[in-house]
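Residue-level structural notes
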Amino acid sequence: MKKILAAFLVGAISVCSLFAEHSFGIRGSLGVSNLLLSDSQKTELGEDLAAAVGEAIGTPWASYSVSNDAAVGGGFAFWGNYSLPSNPAFGIQGELGFLFGNGTTIKCNSGAMGFEVDGDVEFSFTTMELPVLLTYTVNKGGFFEFIPQGGLYLSIPMGKAKMETTAKGYYLGRLLSEEEETEKVKINSSVLVGTALGADFALNFSEKSALLFNLRYMIDFNKLKIDGDEVARRTMFLMSAGYRHTIR
């Protein structure tokens, strides 16, 4: 095992030495995610939620409306970028990151004869992200750099997903009762695969140090599986800020 690890490290160092420039850094992110649910899934969720909420609170319901809203999350990542010796503006970037708050919020509203029931389910889970991106730097070495990037990623769900259900019953605008419940559900998907597109905006305040601001859009190719059922593909929009150190 030690010989294999040593060989891997020597190989990695040898490959990295072929590149003209190395940079690495860390960043923190805020973002919004969603699950691309179909109309039939929304209808099924709405029926189940409205019926369960109405039964729990003891109010009748006749019709309902359902919306699928984005969930707020965030995370952090470590990354390294290697420029090509033939054209240093081009680079390959690998990352190791973690995202918290992936998921969505299902909202349901139903009512009849002066009664109204509001319910929502916040679904969230954590992932480890492993992107490999191609980058191109505009105005390389200048005070301001624009770095479009894109590529593929592996996303590994960690632990179980959390579902927080909140339901409120009203009569003529007066709160009758409120129900809250939190449960954990198993994620059957071991790996999600997707594509990421975005850009870095770098401010070089010294020859080797820079502040980075990043915008990125991510979308999974395969659907998330929960309790054996395929649910939906995940999308996420991230805004990040971080630090970059360059070795020339």
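Predicted model, so just to flag it, every value in this text is computed and none were measured.

1. A look at the overall build of the chain
The secondary structure content of the chain amounts to two helices and eleven strands. Helices (α) and strands (β) of the chain occur, in sequence order from the N terminus, as α-β-α-β-β-β-β-β-β-β-β-β-β. Within the chain, residue pairs in contact and separated by at least 24 positions form 72% of the contacts whose partners lie at least 6 positions apart. Surface exposure of the chain reaches about 13200 Å², of which carbon and sulfur atoms provide 64%.

2. Description of empty space enclosed by the protein
Taken as a whole and judged by the stated rule, the model has three cavities of 30 Å³ or more. When its volume is computed, the largest cavity comes out at roughly 160 Å³. Ser-23, Asn-81, Thr-137, Ile-147 and Arg-244 are, among the 19 residues lining the largest cavity, the residues nearest its centre. Going through the elements one at a time, strand E1 (21-35), strand E2 (63-83), strand E3 (90-112), strand E5 (144-171) and strand E11 (234-247) are the ones with two or more residues in the lining of the largest cavity.

3. Regarding the layout of surface pockets
Approximately 180 Å³ is the volume attributed to the second largest pocket. Taken together, His-22, Ser-23, Phe-24, Gly-80, Asn-81, Tyr-82, Ile-92, Gln-93, Gly-94, Glu-95, Val-132 and Ile-247 form the lining of the second largest pocket. Breaking the lining of the second largest pocket down by element, the ones donating at least two residues are E1, E2 and E3. The leading source of residues in the lining of the second largest pocket is E3, at four residues. The residue inventory of the lining of the second largest pocket, partitioned by class, reads five nonpolar, six polar and one charged.

4. Some thoughts on the environment of Phe-115
For Phe-115, the position within the fold is in strand E4 (residues 115-136). By relative accessible area, Phe-115 is classed as partly exposed at 24%. On a C-alpha basis, the gap between Phe-115 and Gly-169 in space is 7.3 Å, while along the polypeptide they are 54 residues apart.

5. Remarks on a nonpolar patch on the surface
Judged by side-chain polarity, Ile-26, Phe-76, Phe-78, Phe-100, Phe-205, Leu-211, Phe-213 and Tyr-243 come together as a nonpolar surface patch covering roughly 740 Å² of accessible area. At the level of elements, E2 and strand E8 (209-220) are the ones that each hand at least two residues to the nonpolar patch. Along the chain, Phe-100 turns up in strand E3. For Phe-100, a relative accessible area of 40% gives the class partly exposed.

6. Quick notes on unusual backbone geometry
Of note, Asn-139 is a non-glycine position whose phi angle comes to about 65°, a positive value. Inspection of the secondary structure assignment puts Asn-139 in the loop between E4 and E5.

7. What to know about a negative patch on the surface
Together, Glu-44, Glu-47, Glu-178, Glu-179, Glu-180, Glu-181, Glu-183, Asp-227, Asp-229 and Glu-230 line one region of the surface with negative charge. Ranked by residue count, the leading element in the negative patch is strand E6 (residues 174-185), at five residues.

8. Focus on the nonpolar core
Note on soluble globular proteins: their nonpolar side chains tend to be buried together. Of all hydrophobic cores here, the largest spans 13 residues; its most connected members are Leu-37, Phe-123, Phe-125, Ala-161, Leu-224 and Ile-226. Contacts of Ala-161, omitting those with residues within four sequence positions, involve Phe-123, Ser-124, Phe-125, Glu-183, Lys-184, Val-185 and Ile-187. Counting seven residues, the second-largest nonpolar core is a separate cluster that includes Leu-133, Tyr-153, Ala-196 and Met-218.

9. Some points on the confidence of the model for the chain
Mean pLDDT for the chain: 84, with 84% of residues reaching 70 or above. Scored below 50 in pLDDT, residues 12-18 makes three contacts in the model with residues more than four places away or belonging to other chains.

10. A closer look at the side chain of Asn-102
Looking at the element boundaries, Asn-102 is found in strand E3. At a separation of 3.1 Å, a polar atom in the side chain of Asn-102 contacts the main-chain carbonyl oxygen of Leu-99. Within the structure, the side chain of Asn-102 is placed 2.8 Å from the side chain of Arg-234, a separation counted as a polar contact. If we skip the residues at most four places from it in the chain, Asn-102 touches Ser-33, Phe-123, Ser-124, Phe-125, Thr-126, Thr-127, Arg-234 and Met-236.

11. A look at the side chain of Asp-200
Relative to the assigned elements, Asp-200 resides in strand E7 (residues 192-204). The buried charged residue Asp-200 lacks any salt bridge, with Arg-216 as its nearest oppositely charged partner at 5.6 Å. A distance of 2.7 Å separates polar atoms of two side chains, one belonging to Asp-200 and the other to Asn-214. Excluding its chain neighbours within four sequence positions, the residues that come into contact with Asp-200 are Glu-145, Phe-146, Ile-147, Gln-149, Leu-212, Phe-213 and Asn-214.

Definitions and cut-offs
Residues numbered from 1 in each chain as written. Predicted model: local features only at pLDDT ≥ 70, side-chain atom pairs only at ≥ 80, totals over all residues. Heavy atoms only, no water. Helix = DSSP H or I, 4+ residues; strand = E, 2+ residues; numbered from the N terminus. Contact = heavy atoms within 4.5 Å. Areas by Shrake-Rupley, 256 points an atom, 1.4 Å probe, with all protein chains shown as cover. 1 Å grid on protein atoms, 1.4 Å probe; cavity = no way out; pocket = protein on both sides within 12 Å on 5 of 7 lines; lining within 4 Å. Points joined across faces, edges and corners; volume = space filled by probe spheres on them. Nonpolar A, V, L, I, M, F, W, Y, C, P; charged D, E, K, R; others polar. Buried < 20%, exposed > 50% of the residue type's maximum accessible area, 1.4 Å probe, protein only. Patch = residues over 30% accessible without salt bridge, like charges linked within 9 Å, V, L, I, M, F, W, Y side chains within 5 Å. Salt bridge = Lys/Arg side-chain N within 4 Å of Asp/Glu carboxyl O. Lys, Arg positive; Asp, Glu negative; His and termini not counted. Charge placed at Lys NZ, Arg CZ, Asp CG, Glu CD. Core = buried A, V, L, I, M, F, W, Y, C linked by side-chain atoms within 4.5 Å. pLDDT = per-residue confidence, 0-100. Polar contact = N/O pair within 3.5 Å; in protein donor to acceptor, adjacent residues only side chain to side chain.

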